[in-house]
Amino acid sequence: MAKDDIMTLTGEKDACPSDKFSRRKFFASAAMVAAGAALAPRLIPQEKVQEQKPTPPPPAEIKTNIDEVRKIPRVEGSLPGKYPGKVVRVKTGANPVGQKINGARVRKEINAGMAELTGEKNMGRAWGKFVGKKDVVGIKVNPIGEAILSTKPEVVDAIIEGLLAAGVPKANIIIWDRRLFQLEAAGFTAARFPGIRILGTEMKGPNGEFYDGKGELWAKDNIDREALPYVADVEQKYDKETLGYMINEGKSSYFTKIVTETVTKIVNVPILKNAGATATCCLKNLSYGALSNTSRLHKLWMKSVVEPCAFPVLRDKVVLNIVDGLQACYDGGPGANPKFIYDANVLLFGTDPVAVDAVAHDIVVKERMARGTQQVDARGRSAAFLEIADGLGLGVAAREKIKIADVKLGG
């Protein structure tokens, strides 16, 4: 099934904050409000005022179990990690869409970003600040755009090299995401990465189907039903095909056993892309990538991309975020439409996923406005998820508190 068909089926396509609020509509709306306020005394006779219908109340907030999670003690190294509020922005060489990525150059750019972030020029010591020889490290990529727009294998090559330099055994390095078949389509295969485990939660069996001969999901045991789930008071029924991508129904979204049982540390490697008028980057790559039953969560998008990251299985294991912005999309996200993909030529580094997402958000919105795709930077609305994350202690959302270190290599 094509990636766009999958996203339509699962409700992931266009399930994001709307960007249908142009500058013209903004000022037209403001003018109408002002005119209405001026004319109201003449248009509505005093005796009719009491007949006006009251303003309907806002829709009830969908409750989650985040208050239970807040009570779980933090540990040393919990998000936002070693460098709260710090973001390294590496301006890379050109990465023209449709052309082969220069792996040797990307390796130098990754190394430069790590050196700036940690203050260590030796890559073994730089990566050793985050991982040790006994760790099982999961590299969380984003393969949803398959070969068109996914985490670049060349970026992952450089990350693996850094982990090896820090003494992590090759057998302890895992590349993972929620859907195994999308990983393979994006180039993350055993043949491309020999000795590295490639793991996915949602999967098809040897018969090429989601279901075995008994009618049970091949992936049913890949989620951890014993670990604390993310609970939200909203449900959605799935047909048989959609259930293959969701694994379960109900009010609970279960974490993959990859994060609850397998890995001890996570290096998060999202791509730079839009979701309507906002950006989907570090936080969403973690939350929706680690959970089952996510389609229903789009009804509380701003909360559900953030709150799962406050669970210990993510909060206490994510040690580093590296955003692959070699190529990015400014529209059509979170899928991958070739006509909206451009060479952004940037890599972002940080332990603080909120600060990194704030920088990523501004890059995407700036590109959208420059191309006329979006006319108003409605940051208070499109970036509300960052304030929620800040309130949960996951990182720094305020732009004036974020320190950006720029590294320009070019070439």
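Refer to the structure presented above.
Note that the coordinates shown come from a computational prediction; the quantities given were computed from them, not determined experimentally. Throughout, residues of each chain are indexed from 1 in the direction in which the sequence is written. Only residues with pLDDT of at least 70 get local features here, since the model is predicted, and only at 80 or more are side-chain atom pairs given and counted; chain-wide, interface and lining totals rely on the full set of residues. Based on all heavy atoms of the structure, the side-chain values leave hydrogens and waters out of the count.

K.L.:
Looking at this structure, I do not really get the packing of helix H4 (residues 103–118) against helix H6 (residues 153–165). What am I missing?
P.N.:
Packed helix pairs are specified by the crossing angle of their axes together with the interaxial distance, meaning the distance between the axes. Where H4 contacts H6, the axes come no closer than 9 Å and their chain directions differ by 50°. Of the possible angle classes, the one that applies to H4 and H6 is oblique. As for the relative orientation of H4 and H6, their crossing is right-handed in sense. Taken together, the residues of H6 that come into contact with H4 (itself represented by Gly-103, Val-106, Arg-107 and Ile-110) are Glu-154, Val-155, Ala-158 and Glu-161. Of the residues belonging to the contact of H4 with H6, the class tally is 4 nonpolar, 1 polar and 3 charged. Between the N-to-C directions of two axes lies an angle of 0 to 180 degrees, each axis being a line fitted to C-alpha atoms and, for a helix, fitted only over the stretch in contact. Strands here are runs of E lasting at least two residues and helices are runs of H or I lasting at least four, both read from the DSSP assignment and numbered beginning at the N terminus. Any angle that falls under 35 degrees is termed roughly parallel, while one over 145 is termed roughly antiparallel, one within 65 to 115 roughly perpendicular, and all others oblique. The hand of a helix crossing depends on one turn: near helix anticlockwise from the far one by less than a right angle means left-handed, and clockwise means right-handed. The contact criterion used is simple: two residues touch if any of their non-hydrogen atoms lie within 4.5 Å. Residues are grouped as follows: nonpolar covers Ala, Val, Leu, Ile, Met, Phe, Trp, Tyr, Cys and Pro; charged covers Asp, Glu, Lys and Arg; every other residue, Gly included, is treated as polar.

K.L.:
Whenever I open this one, the packing of aromatic side chains confuses me. Can you help?
P.N.:
Where two aromatic rings form a pair, the distance of their centres and the angle of their planes describe that pair. Only Phe, Tyr and Trp rings are paired, with Trp represented by its six-membered ring, and only when their centres lie within 6.5 Å; those with planes under 30 degrees apart are stacked, over 60 edge-to-face, the remainder tilted. With the rule as written, the count across this model stands at 10 aromatic pairs. Between Tyr-83 and Phe-130, the aromatic rings sit 6.4 Å apart at their centres with planes inclined by 70°, giving edge-to-face as the arrangement. Residue Tyr-83 is found in the loop between helix H3 (66–70) and strand E1 (86–91), and its partner Phe-130 is found in the loop between helix H5 (123–128) and strand E2 (137–140); the two are separated by 47 residues along the sequence. We classify Phe-130 as buried; its relative accessible area is 5%. A ring pair is formed by Phe-181 and Phe-210, whose centres lie 5.8 Å apart and whose planes are at 70°; its orientation type is edge-to-face. One end of the pair, Phe-181, is in helix H7 (residues 180–185); the other, Phe-210, is in the loop between strand E4 (197–202) and strand E5 (230–231), with 29 residues separating them in the sequence. An aromatic cluster is built from Phe-181, Phe-210 and Tyr-245, whose rings are joined through pairwise contacts. A ring has a charge above it when a Lys NZ or an Arg CZ is no more than 6 Å from the ring centre and no more than 35 degrees off the ring normal. It is Arg-192 that lies over the ring of Phe-193; its NZ or CZ is 4.7 Å from the centre. Over the ring of Tyr-254 we find Arg-225, and its NZ or CZ is 5.5 Å from the ring centre. Each residue is assigned to one of three classes by its accessible area relative to the maximum for its type, calculated with a 1.4 Å probe on protein chains only: buried under 20%, partly exposed between the two thresholds, exposed over 50%.

K.L.:
How should the environment of Thr-201 be read in this particular structure?
P.N.:
Mapping Thr-201 onto the fold places it in strand E4. Sequence separation between Thr-201 and Ile-258 is 57 residues; the distance between their C-alpha atoms is 7.7 Å. Excluding residues that lie within four positions of it along the chain, Thr-201 makes contacts with Asp-177, Arg-178, Arg-179, Ala-219, Asn-222, Ile-223, Ile-247, Thr-256 and Ile-258.

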